[in-house]
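Now for the letters of each chain:
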Amino acid sequence: MSMISQGSLKKPFLVLLLLGLAVRFILMPLLTLNSDVAYWIQAVSLDLNNIGLYDVEGYYYSPIWGYLMDLSIYLSQFVGVTDFGIIVPELAPFFNTDFALNEIVSTFGFNIVIKFVLVLCDVAVALVIYDLAMRLCKDEKKSTIAAALWFLSPLVISQSSVHAMFDCLSAMAILLSVSFILERRYFLTGVMFSLAVLTKFFPLFFFFILIVILFKNEGFGKKGVDSFRNAFAGAFLTLIIVELPYIVNGEFFRSMDFIIGRLGISHSALAPFSPYVDYAFLIGIALAVSGLIVLMRKRGENVYQRYSVMDSKERDRRIFKKLLIITAIITVVLVITAVVNYPEKSIDFVEFVTYLGTKVVSIIMMYALLLEVFIAYRILFSNDTDEKAIFSGLMLTSLVIFLWPPLPQYVLVSLPFIILYATVYENRLIKPCIVMMCLMTLMDVPGYFTALQTVAYYVPGLSFDIILEPISFFTITTFGFENIVYAVVLFGVLAYLSFLNLIRVWYLTTKEEAA
């Protein structure tokens, strides 16, 4: 991060940093969404009693967030925070409703320590965005605006300082992987990419464009293959280090459930074969990539040259045909899997819609992944070698990831690249981006009525009814559905349309440039 290392941060950036931190420090102790923070309390409490992370019902993320929660424990002990939360019986009736509430109300101290690392992550992302923008346009005003769009975004602030969701960690890691690949530091690129994917699933969609950037930088000769080897070494070693305790005790696939579960694979089906299946999987990856590296050394440059001299329309036709065949095969496999795994017991309409929705999302995600392949292919064979083409691809990749309606926190992984492209290259995307961030924030509006739970319970003189009354309203059933469902659908549709609108604006601006 060259600009930052040279001490080039200016007063406007420092002012926005202080403003964003002030807002976060006010919100951190006071507002907290109940559902996820309650799980974090259970996780750290069990850890203090030497009980495993995956003994917590509902925890299905990788160990990285678990390690950071351990760090939060040490921080809490250092500052004297020993009371994490309390069970409030008044919340018990709402436990199995669509509100997804928990009976635990967190303390002010726990709210601060669990969110502190997330706020630091927000700062780190703002710094990297500022640095990348300065590198791309050498314009302090644009760079400060880019950092402000992230650091003062209501979506970013709410996810780290209210919701206590750690998607900003994944956003930070994938953003750093792009920064490192532009600096041709490929081992660190692999390290950061692995951390990003091991934190949340969605950075995996950036794999193809990162590979294209690497080979556009270094070519398909020995230098390019060696660079790819270094990137893989960084990613694989990071995977081993992060997962080592769970590889040893046979819980590797349990810790990877957040990835393999989206592929329709149950970790419980693999559990009887652990740890041998774990070792076989890791060794298989190492051998497969090693074989690919050997093959690339022998034929990679020749294959690339053969496609390079081909007529572009013919090349597009061939690639598109292959992708269509792959799409058809994947669709058939996913449909058959959905039919085979359909619940044997009778399910109601809501359960049916939920089951169908998850399978449709899985299919759309696979289509999105194939679109990412096509985007990367077009960049690979384009004559554009400037950074605008790269960040255009990164921005489009960020949008294509969520062709299906995403939850607000998921969007954080895409947001830095949308912001960078909008501020540096296409200012007409800034307003739609702001609208999208605001509407995504509003998706959590029903939950915000419970965000004052800590204040309502621990501040003398306040009644817990200020929490219970809105919860009671949103859990009333109207025409077969709880009111919260209508609220989430309404705000969710608006947020999703705002996200699609970014694609529309990008398409229109690109079309104008081509005309």
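Every chain is numbered independently, its residues counted from 1 as its sequence is written. Confidence filtering applies because this is a predicted model: local features only for residues at pLDDT of at least 70, side-chain atom pairs given and counted only at 80 or more, and all residues used for totals across whole chains, interfaces and linings. For the side-chain quantities, the full set of heavy atoms in the structure was used; hydrogens and water were omitted.

**Student:** I keep staring at unusual backbone geometry and nothing clicks. Help me out?
**Tutor:** Generally, phi is negative for residues other than glycine and the peptide bonds are trans, each holding for most cases. In this structure, Lys138 takes a positive phi of about 55° despite not being glycine. For helices the rule is a DSSP run of H or I covering at least 4 residues; for strands it is a run of E covering at least 2, with both sets numbered from the N terminus onward. Structurally, the position occupied by Lys138 is in the loop between helix 5 (108-137) and helix 6 (140-151). Despite not being glycine, Arg184 shows a phi value in the positive range, around 65°. Considering the arrangement of structural elements, one finds Arg184 in the loop between helix 8 (167-182) and helix 9 (186-199).

**Student:** Can you walk me through the packing of aromatic side chains in this structure?
**Tutor:** Aromatic rings from Phe, Tyr and Trp, taking only the six-membered ring of Trp, are treated as a pair when their centres fall within 6.5 Å; an angle between ring planes under 30 degrees marks them as stacked, one over 60 as edge-to-face, and anything in between as tilted. All told, the structure shown has 35 aromatic pairs when counted by the stated rule. Seen from their ring centres, Trp65 and Phe166 are 4.9 Å apart, and the 15° between their planes marks the pair as stacked. Placement of Trp65 in helix 4 (residues 63-79) and of Phe166 in the loop between helix 7 (154-161) and helix 8 is noted, with a sequence separation of 101 residues between them. With respect to burial, Trp65 and Phe166 carry one shared label: buried. Geometrically, the ring pair formed by Phe207 and Phe208 is edge-to-face, given 5.3 Å between the ring centres and 80° between the ring planes. Only protein chains enter the calculation, and the probe is 1.4 Å; a residue is then buried if its accessible area is under 20% of its type maximum, exposed if over 50%, and partly exposed in between. The partly exposed category is assigned to Phe207, whose relative accessible area is 34%. In this structure an aromatic cluster arises from ring pairing among Phe215, Phe220, Phe228, Tyr304, Phe320, Phe374, Tyr377 and Phe381. Over the aromatic face of Phe151 sits the side chain of Arg24, whose NZ or CZ is 3.9 Å from the ring centroid. By definition here, charges over rings are those cases where NZ of Lys or CZ of Arg is within 6 Å of the ring centre and within 35 degrees of the ring normal. Lying across the ring of Phe166, Lys200 places its NZ or CZ 5.1 Å from the centre.

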